Structures are given as structure tokens and as C-alpha cells.
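Results of the structural survey
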Amino acid sequence: MTMESTSTDRPASSAEAPILQARNSAAFWTATGRSRGHEVIRRRGFVAVDGDERAGLRILIQEPDLDPGEAAELSGLTRRAAGPVTVEDPFSSTDLSHLGMRTWQMPIMLRLPGPVADPALDVTRVRRPEDLRVAEQIVIEGFELDGFEPYRPGELFPAALIEEPGVDVFIASVDGAAAGAGVSVLADGVASHYWIATSSAFRSRGVGRAVMLGALAHLADLPATLTASKLGRPLYESLGYTVAAPSTWWSAPSGTA
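Residue positions are counted from 1 within each chain, in the order its sequence is given. Since the coordinates come from a predicted model, pLDDT governs what is reported: local features require at least 70, and pairs of side-chain atoms require 80 or more to be given and counted, while whole-chain, interface and lining totals use all residues. Here the side-chain values reflect all heavy atoms present in the structure, with hydrogen atoms and water set aside.

1. A look at the overall build of the protein
Which entries qualify depends on this criterion: Counting from the N terminus, the helices are the DSSP runs of H or I reaching at least four residues and the strands are the DSSP runs of E reaching at least two. To get the radius of gyration, use the C-alpha atoms; to get the globule rule, take the number of residues to the power 0.38 and multiply by 2.2 Å. The classification of residues rests on relative accessible area computed with a 1.4 Å probe and restricted to protein chains. Under 20% of the type maximum is buried, over 50% is exposed, and intermediate values are partly exposed. A contact between two residues is defined here by any heavy atoms of the two lying within 4.5 Å. Accessible surface area values rest on a Shrake-Rupley calculation with a 1.4 Å probe, where residue burial reflects the displayed protein chains alone. The charged-residue count follows a simple rule in which Lys and Arg add positive charge and Asp and Glu add negative charge, with His and chain termini not counted at all. Think of each charge as sitting on NZ of Lys, CZ of Arg, CG of Asp or CD of Glu.
Helix and strand content of the protein: 5 helices and 11 strands. Against the compact-globule benchmark of 18 Å for 257 residues, the protein has a radius of gyration of 17 Å, which places it among compact chains. For the protein, buried positions account for 54% of its 257 residues. Partitioning the contacts of the protein with sequence separation of at least 6, the portion at a separation of at least 24 is 70%. Carbon and sulfur atoms form 52% of the exposed surface of the protein, whose accessible area is close to 11,400 Å². Distance from the positive charge centre (23 side chains) to the negative charge centre (32 side chains) of the protein: 2 Å.

Below, the structure is given as C-alpha cells:
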């Protein structure tokens, strides 16, 4: 998968949303793993980023039909993981129930190219390491990432992340105070968004909307996907995203052996 800013040759469809999200998630987590110095394992059917006891193991299913060897390797990776395990299956086709992990579904949403309104708050693209630390802390708080406490600067968002092609981090501010943050990723002509978070002190003030609008501003002429939480879905629908398909997630607090 290549990180680039070119448009796709034709409009994306809902049927294509799972593969588009699969490829973009793999691009994002590969960039994250690379910037952290973690091992990236690439197979036809999945990409895995094998981190330490705090970052854990992230597996991104890339095809709806893992072959037996891939399925066995995936199971082995989850059993040996040093930290928490998260498996993202945009196709909802790989059964991991034998591993005893918690499972749930979230919708993949698709936004076709179209105009984007200006955000009502100040939104800036992160350029400096000190601003990346601010965004990192907002995301850790907003998503209640207890595994990254006590806080270690640069552990979730290493400084090298903002040097990765196609990866941009944004901060929204209220009266000069950093209030929200998020990440956009452009890969193979498709955009997606991750870690859209609002600081608890600024909830219900349109911060998440501002982050999204700021992140979409330079991507308006491209199709965009994301995986939505129950709380985030109304916001994304108001921005022109529609539900395309369910994505199945699996997780465990540590290896499943």
C-alpha cells in the first residue's frame, strides 16, 4: 500500500468500503509501528504490528479469506503477544472465537467526495514535537487509554509519526487552549481518520466536529472511510458519512495462551 495524494479513478462504493478501510488501517498502523520501532509482519491476508507490553499487538485483516497457514500464524501471534491484542476485521469473516477474546462490531462508514465546511474553531496541523505531545495526551485521556499510563511522552505518537507520508495530526483549540485532536491518513487515494478525541474539559462544544472538518479540508475531493463508535456515528453522519458495512473487532488484555 502506498501513501499518496492522488484521487481514485472512479467514485468508491459501499461494497468497496471494507477493503478501502482495511488497506488504510494497515497503512496507518504500519506507519505507527515503524515510527515506534516495532516489528511489522506482512502477509497476503493480514498485517500485524507486534509491539511491547504496553503497545501490544495490532492485527489488521486484509482479505476475507485467510488461508490455513495465515489463520494458524495469526492465532500463534495472539497467543504469544506480550501486551494487549486488538484484531480488526473489516470483512467480518474471520472467526477467532477459539481464542477466547472479547468481540464486538462497529460500522465502517464511507464519505464520497464533496464540499467541506470551515470549522467553527481553530484547527491546526501538528508540525512541532511539542504540539504532538499535546495531541497525544488528549487522545490518551479522551480514549481512556489506561495502558499508556503513567504517561511516557512519544509512546503513543512518536515524533517520527508526523514525518510519515500521508499521516497528519490535528489539534482543535477553544480560546487558545488545545481541546481536541485526531489523525488523518491518506493512502492509495483514500482518506481515513483515527483517534478523534475531545478533552473532557471541552466536551459538547463542537470540538470533535471541528477536528473532523479541519482534517477533511485538504481531502474533500477524495473518498474517505472510518470505523465509527456508537457515540461518534451521529457526528460522522452529519458530515456526509453513510454506513457501508459492519467491522468485527476482537481484543484481549494480553496474549491468549
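2. Observations regarding the pattern of salt bridges
To keep things clear, this is the line we draw: Between Lys or Arg on one side and Asp or Glu on the other, a salt bridge is scored when a side-chain nitrogen of the former is within 4 Å of a carboxyl oxygen of the latter.
For the structure shown, the criterion picks out 12 salt bridges. The residue Glu70 makes a salt bridge to Arg44 at a minimum N-O spacing of 3.0 Å. Highlighted residues: Glu70 in helix 2 (residues 68-80) and Arg44 in the loop between strand 1 (39-42) and strand 2 (46-50), separated in sequence by 26 residues. Since its relative accessible area comes to 42%, Arg44 is described here as partly exposed. The partner of Glu130 in a salt bridge is Arg128, and the shortest N-O contact between them spans 3.3 Å. Accessibility expressed as a relative area gives 43% for Glu130, which makes it partly exposed. Classification of Arg128 by relative accessible area gives partly exposed; the value is 44%. Salt bridges sharing common partners tie together Arg44, Asp65 and Glu70.

3. Points about the sheet that holds strand 3 (residues 57-61)
Sheet strands pair via backbone hydrogen bonds, and the direction of the pair is either parallel or antiparallel. Going by this rule: Strand pairing is defined by DSSP finding a minimum of two bridges between the two strands. Here the axes come from fitting lines to C-alpha atoms, over the contacting stretch only for helices, and the angles between their N-to-C directions go from 0 to 180 degrees.
Taken in spatial order, the 11 strands line up as 1-2-3-4-11-5-10-9-8-7-6 in an open sheet, and their pairing is mixed. With partners counted over all chains shown, the strands left at the sheet margins are strand 1 and strand 6 (122-125), one partner each. Neighbour to neighbour, the strand axes of the sheet diverge by 20° on average, direction disregarded. Strand direction decides the pairing type here: strand 9 (residues 190-198) and strand 10 (residues 224-227), joined by 2 bridges, are parallel. Bridge pairing in strand 10 links Ser192 to Thr225. Helix-sheet contacts for helix 4 (residues 207-216) involve strand 5 (102-111), strand 6, strand 7 (167-174), strand 8 (177-187), strand 9 and strand 10, and the interaxial angle to strand 9 is about 155°.

4. So, unusual backbone geometry
Along the chain, Glu149 connects to Pro150 via a cis peptide bond; the corresponding omega equals -5°. The phi dihedral of Trp195 falls on the positive side, at around 55°, and the residue is not glycine.

5. Section: the pairing of strand 11 (residues 242-252)
Of the strand pairs in this sheet, strand 4 (residues 85-89) and strand 11 are connected by 5 bridges, and their pairing is antiparallel. Within strand 11, the residue paired with Asp89 across the bridge is Thr248. In terms of strand pairing, strand 5 meets strand 11 through 9 bridges, oriented antiparallel. The partner of Gln105 across the bridge, within strand 11, is Thr248.

6. A word on the side chain of Thr248
This is how the line gets drawn: Any pair of N or O atoms that falls within 3.5 Å is considered a polar contact. Within protein, one atom must be able to donate a hydrogen and the other to accept it, and sequence-neighbouring residues count only if both atoms are side-chain atoms.
Along the polypeptide, Thr248 turns up in strand 11. Within the structure, the side chain of Thr248 is placed 2.9 Å from the side chain of Gln105, a separation counted as a polar contact. Contacts of Thr248, omitting those with residues within four sequence positions, involve Val87, Glu88, Asp89, Ser92, Thr103, Trp104 and Gln105.

7. Side note on the environment of Arg80
Considering the arrangement of structural elements, one finds Arg80 in helix 2. Overall, Arg80 belongs to the exposed group, its relative accessible area being 62%. Here the alpha-carbon distance between Arg80 and Leu57, two residues 23 residues apart in the chain, equals 9.5 Å.

8. Structural notes on helix 1 (residues 17-36)
Inclusion rule: Each residue after the first adds 1.5 Å to the expected span of a helix.
Given a rise of 1.5 Å per residue, 20 residues ought to cover 28 Å, and the 28 Å separating the end C-alpha atoms of helix 1 matches this to within 8%. Of all 20 residues in helix 1, 17 are buried; the element is thus mostly enclosed. Taken from the residues just after helix 1, Gly37 is the one with a positive phi, measuring 80°.

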